[in-house]
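Architecture at a glance
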Amino acid sequence: MKSLLTRQRRLNPVYLSFMAVSFMTGVAGALQAPTLSLFLTREVQVRPFWVGLFFTINAIAGIVISLLMAKRSDSRGDRRNLILFCCLMAVLNALLFAFNRHYLTLISVGVLLSALASVAIPQIFALAREYADQSAREVVMFSSVMRAQLSLAWVIGPPLSFALALNYGFVTLFCVAAAIFLLSMLLIWRTLPSVPRVAATPEQVLTQLSPWKDSQVRMLFIASVVMWACNTMYIIDMPLYISSTLGLPEKLAGLLMGTAAGLEIPIMLLAGHYAKRFGKRKLVLLALVAAILFYLGLVMFHSRTALMVLQLFNAAFIGIVAGIGMLWFQDLMPGRAGAATTMFTTSISTGLIIAGLIQGTLSERFGHESVYWLALVMAVVALGLASRVRDAQ
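Residues numbered from 1 in each chain as written. Predicted model: local features only at pLDDT ≥ 70, side-chain atom pairs only at ≥ 80, totals over all residues. Heavy atoms only, no water.

As named in an unreviewed UniProt entry, the protein is MFS transporter, taken from Candidatus Pantoea formicae. Quoted verbatim from the Sequence similarities (unreviewed entry) field of UniProt, the annotation for the protein is "Belongs to the major facilitator superfamily. Set transporter family." (UniProt positions renumbered as here; feature names shortened; annotations may be inferred.)

It is worth spelling out the packing of aromatic side chains at this point. In the structure shown here, the tally under the stated rule is 15 aromatic pairs. Here the aromatic rings of Phe 54 and Phe 55 are separated by 6.5 Å at their centres, their planes lie at 85°, and the arrangement is edge-to-face. The same class applies to Phe 54 and to Phe 55, which are both buried. Look at Phe 97 and Phe 174: their rings are 5.6 Å apart centre to centre, the planes differ by 45°, and that puts the pair in the tilted class. Here Phe 97, found in helix α5 (residues 79-99), pairs with Phe 174, found in helix α9 (residues 170-191); they are 77 residues apart in sequence, far enough to count as distant. Of the two residues, Phe 97 and Phe 174, neither departs from the other in class, the shared state being buried. Taken together, the ring pairs connect Phe 39, Phe 49, Trp 50, Phe 54, Phe 55, Phe 97, Tyr 103, Phe 170 and Phe 174 into an aromatic cluster. Lying over the aromatic face of Trp 189, Arg 190 brings its terminal NZ or CZ to 5.6 Å of the ring centre. (Phe/Tyr/Trp six-rings, centres within 6.5 Å; stacked < 30°, edge-to-face > 60°. Buried < 20%, exposed > 50% of the residue type's maximum accessible area, 1.4 Å probe, protein only. Helix = DSSP H or I, 4+ residues; strand = E, 2+ residues; numbered from the N terminus. Lys NZ or Arg CZ within 6 Å of the ring centre and 35° of its normal.)

As a further point, take the environment of Ser 66. By the element assignment, Ser 66 lies in helix α4 (residues 48-75). Put simply, Ser 66 and Pro 122 are 56 residues apart on the chain and 9.0 Å apart in space, counted from C-alpha to C-alpha. When neighbours within four sequence positions are excluded, Ser 66 is seen to be in contact with Ser 118, Val 119, Thr 342 and Thr 346. (Contact = heavy atoms within 4.5 Å.)

The next thing to look at is the side chain of Glu 264. Topologically, Glu 264 is positioned in helix α12 (residues 251-278). The exposure class of Glu 264 is buried, given its relative accessible area of 8%. If we skip the residues at most four places from it in the chain, Glu 264 touches Ser 151, Ala 315, Ile 318 and Gly 319.

Attention now goes to α12. The end-to-end C-alpha distance of α12 is 39 Å, a good match for the 40 Å that 28 residues give at a rise of 1.5 Å each. Along α12, the sharpest kink reaches roughly 35°, centred on Gly 272. Downstream of α12 by one or two residues, Gly 279 has phi in the positive range, about 90°. (Expected span 1.5 Å × (residues − 1). Bend = angle between axes of the 7 residues up to and from the residue.)

Given below as structure tokens:
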């Protein structure tokens, strides 16, 4: 009986709604991101440097908008309304990319819309954390299962993205993404809850005033920036590296991304299960060891089979860091789910800024392989930084 009641509780409509929203918004994002570098190169016809610059400016705008919204989202207003607004911006952004090929328009209006849209996912996870705390749900597994939906979306998204772009064109691709965001908005409006704000303790108020004064938060932020810079350099460069340097089919890039995302799901769920036993710190350090092996493998092995096998290490890296890393920030910043989640996503965006600048410059001057040598060095640096951050429960 107890097992049945537990199962019914886990399958309540709100829980399922959070899963569905995470999956749908994840699919829409996974349709656009993998082929963006190809879109800019082929459709907009810009050089690699301008591709990297686009990613960099897009990330800077995302950071600014996220930080402006994070404080407000934790103190007042309905977080669900903010999520709906961000999804609407995502719809407009997808439509702009579907029907516009002017680089200056895309890097200005498109970047602004994209920055506003990027706030949606961290706010969904912040709302989920508040809902889990309020309903006494097991936070780590709840968040891990939600994050697994994003990974599942990336199993489907990249192969579908390349299939749509190569077979039907980018107009079809971006219109499909816009339609999925519209369906997500309907689901959010109809099913996600509004969670009342909880009064902060004096200790939490002090943390809220200046989380940057906490050396542990700063160190984790820097480590996270370096981690995501490595990953983003790989995502930006890999489709071009596969086709232009290795001479492999372009569709292999989508298959590699989808394979990694599929492997992330069980790894992410296992990480959520063992987080209490081993601690978040040890799991993240293990993930960084996997990252070092992954980037080392990329510079040593170039066959299709080897690249597929290496996705296991890539999946271990991202599967653990994407879920446990966010919770580590939340534990270090109690009472500030929105700000902590934004710190985590800001570290991703900051890593994207660095990655965009590095990838565009290195690939144009020294070739694509140099990108992965640097990623290897940066993964080692991230391991050293993360080892200096305490665990938090």
